[in-house]
Amino acid sequence: MTGAFEQPAFGETCRPSSLARGYILDLDGTIYLGDALLPGARRFVETLQALERNVLFLSNNPTRTPAEYVSKLSRLGIPVDPDQILTTVDTMTSWLLLHHPGATVFPIAEQPLIDALQASGIAISDDPTRIDIVIASYDRLFDYRKLQIAFDAIRTYGRAFLVATNPDRFCPFPGGRGEPDAGAIIGAVEGCTGARLQQNTGKPDRFMLEAALNRLGLTASDCVMIGDRLATDIRMALDAGMPSALVLTGDATRDDLATLEPKAMPTWVLERIDQVLPEDVTVQLPTRA
Ligand SMILES: [Mg+2]
């Protein structure tokens, strides 16, 4: 299985017939749900590693550091390197340094993003007369004080604009439950200020995909994007003309697909992630105790 990766026509729902050079994998709802590994996920990643394919895990969730993802995946039996994890903590930090060096930001965020901004030398302030950019993110410590600061910086003083780490409305949990995500914070700030989000640095924005492809050293057509969300994982791939596989193990359901236009369909729709492997791929994996 070393032939060139053949890109199929969009809308094809059978499994891929050849291997790609690179695989960009969502985490929540794709590799695991909550603390439980999803069926086939470990075998899938082990097989790709045995075949020396490039694997990058891509998460819109800015509430964990890469080291925390490495340790969670390791607990679940999937050993990875920190540089195989790319999150919206990385992309927000790099987007600010690239497009707004010297800006003072107010992150409505948990500690991993705040730490990364500080480590990159980005100025942080909660003084609305100094804030240039308000960052909405997945923040379980969100409160009225933070909303007031964002309101004052954007509306009262008219000096700041709104960006976000990710647009997800909620983070999926097992049993169909979930938790409000950055979409809720964006909605709160937009709701009181009338401002509109100026930039999202997570999926489905092209900035996130370019960061992933740069990390892998590959082009979009060399890779497959695999995820459980149509509006983020699959949308990002479609916008870049990149093959995509939707797994029905998280957010999206067959009912969601029934109402989709053909041009919004992922390349493949799969019940579980290991179906991304072509049927004739067999590798000898180490036996486990
Ligand atoms: Mg997901």
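Residues numbered from 1 in each chain as written. Predicted model: local features only at pLDDT ≥ 70, side-chain atom pairs only at ≥ 80, totals over all residues.

**Student:** Explain the packing of helix H3 (residues 88-99) against helix H7 (residues 206-216) to me, using residue names and the numbers behind them.
**Tutor:** At their nearest, the axes of H3 and H7 sit 10 Å apart, and the two run at 100° to each other. When the axis of H3 is compared with that of H7, the two are roughly perpendicular. The segment H3 lies against H7, with Asp90, Thr91, Ser94 and Trp95 engaging Phe207, Met208 and Ala211. Grouping the amino acids of the contact of H3 with H7 by side-chain chemistry returns 4 nonpolar, 2 polar and 1 charged. (Axes fitted to C-alpha atoms, helices over the stretch in contact; angles between N-to-C directions. Helix = DSSP H or I, 4+ residues; strand = E, 2+ residues; numbered from the N terminus. Parallel < 35°, antiparallel > 145°, perpendicular 65-115°, else oblique. Contact = placed C-beta atoms within 7 Å. Nonpolar A, V, L, I, M, F, W, Y, C, P; charged D, E, K, R; others polar.)

**Student:** Which residues make up the pairing of strand E14 (residues 244-247), and what values go with them?
**Tutor:** Residue alternation in E14 divides its side chains into two sets, Ser244 and Leu246 and Ala245 and Val247, and both sets are buried. The β-α-β motif built from strand E13 (residues 223-227), the intervening helix H8 (residues 230-239) and the parallel element E14 has right-handed crossover chirality. Strand direction decides the pairing type here: E14 and strand E15 (residues 268-270), joined by 3 bridges, are parallel. Within the sheet, the bridge partner assigned to leucine 246 lies in E15 and is valine 269. (Buried ≥ 20, exposed ≤ 12 C-beta atoms within 10 Å, placed from the backbone. Right-handed = clockwise from strand over helix to strand, strands pointing away. Pairing = 2+ DSSP bridges.)

**Student:** Mind laying out the pairing of strand E4 (residues 54-59), listing which residues take part and the relevant values?
**Tutor:** Sheet topology note: the strand E1 (residues 22-25)/E4 ladder contains 4 bridges and is parallel. Each bridged residue has a counterpart across the sheet, and for glycine 22 the counterpart in E4 is asparagine 54. Where E4 meets strand E5 (residues 85-87), 3 bridges bridge the pair, whose relative direction is parallel. Residue pairing across strands places leucine 58 opposite leucine 86, the latter belonging to E5.

**Student:** Account for the nonpolar core, with residues named and values stated.
**Tutor:** Ile24 and Ile226 are the most contacted members of the largest nonpolar core, which has 47 residues in total. Ranked by residues supplied to this core, first place goes to H8 with 5 residues. Discounting chain neighbours no more than four positions away, the residues touching isoleucine 24 are Leu56, Leu58, Ala212, Cys223, Met225 and Ile226. Counting 31 residues, the second-largest nonpolar core is a separate cluster that includes Ile133, Ala150, Val163 and Ile186. (Core = buried A, V, L, I, M, F, W, Y, C linked by C-beta atoms within 7 Å.)

**Student:** I'd like to hear about the sheet that holds strand E9 (residues 161-164), residue by residue, with values.
**Tutor:** Here we have 5 strands laid out as an open sheet, ordered E7-E6-E8-E9-E12, and parallel in their pairing. Of all the strands in the sheet, just strand E7 (123-124) and strand E12 (199-200) have a single pairing partner and so form its edges. Relative to E9, strand E8 (residues 133-136) runs parallel, the two sharing 4 bridges. Bridged to valine 134 within E9 is leucine 162. Its contacts with the sheet put helix H4 (residues 111-119) on strand E6 (104-108) and E7, and the angle it makes with E6 is roughly 165°. Packing of helix H6 (residues 182-193) onto the sheet brings it into contact with E6, E8 and E9, and relative to E8 it is tilted by some 140°.

**Student:** Could you give an account of H4, with specific residues and numbers?
**Tutor:** Burial in H4 covers these residues: Pro112, Leu113, Ala116 and Leu117. Taken around the axis of H4, the buried residues stretch over an arc of 130°, which confines them to a single face. Of the residues in H4, the exposed ones pointing more than 90 degrees away from the buried face are Gln111 and Ala119. Where the residues of H4 are buried, they touch H3, E6 and E7. Trailing H4 by a residue or two, glycine 121 shows a phi angle of about 80°, which is positive. (Arc of directions from axis to C-beta.)

**Student:** A description of the environment of valine 45 should follow, citing residues and the corresponding values.
**Tutor:** Within the fold, valine 45 resides in helix H1 (residues 41-50). Residue classification places valine 45 among the buried residues on the basis of 25 C-beta atoms within 10 Å. Linking valine 45 and proline 79, residues 34 residues apart in sequence, is a C-alpha distance of 9.3 Å. Residues in contact with valine 45, not counting those within four places in the same chain, are Val55 and Ile78.

**Student:** Now, about the sheet that holds E13: what can you tell me, with residues and values included?
**Tutor:** The sheet built from 6 strands is open, its strands ordered E5-E4-E1-E13-E14-E15 with parallel pairing. Each end of this open sheet is capped by a strand with a single partner; those strands are E5 and E15. For this sheet, the mean inter-axis angle between neighbouring strands, taken without regard to orientation, is 20°. Against the sheet, H7 contacts E1, E4, E5 and E13, and its axis sits at roughly 150° relative to E4.

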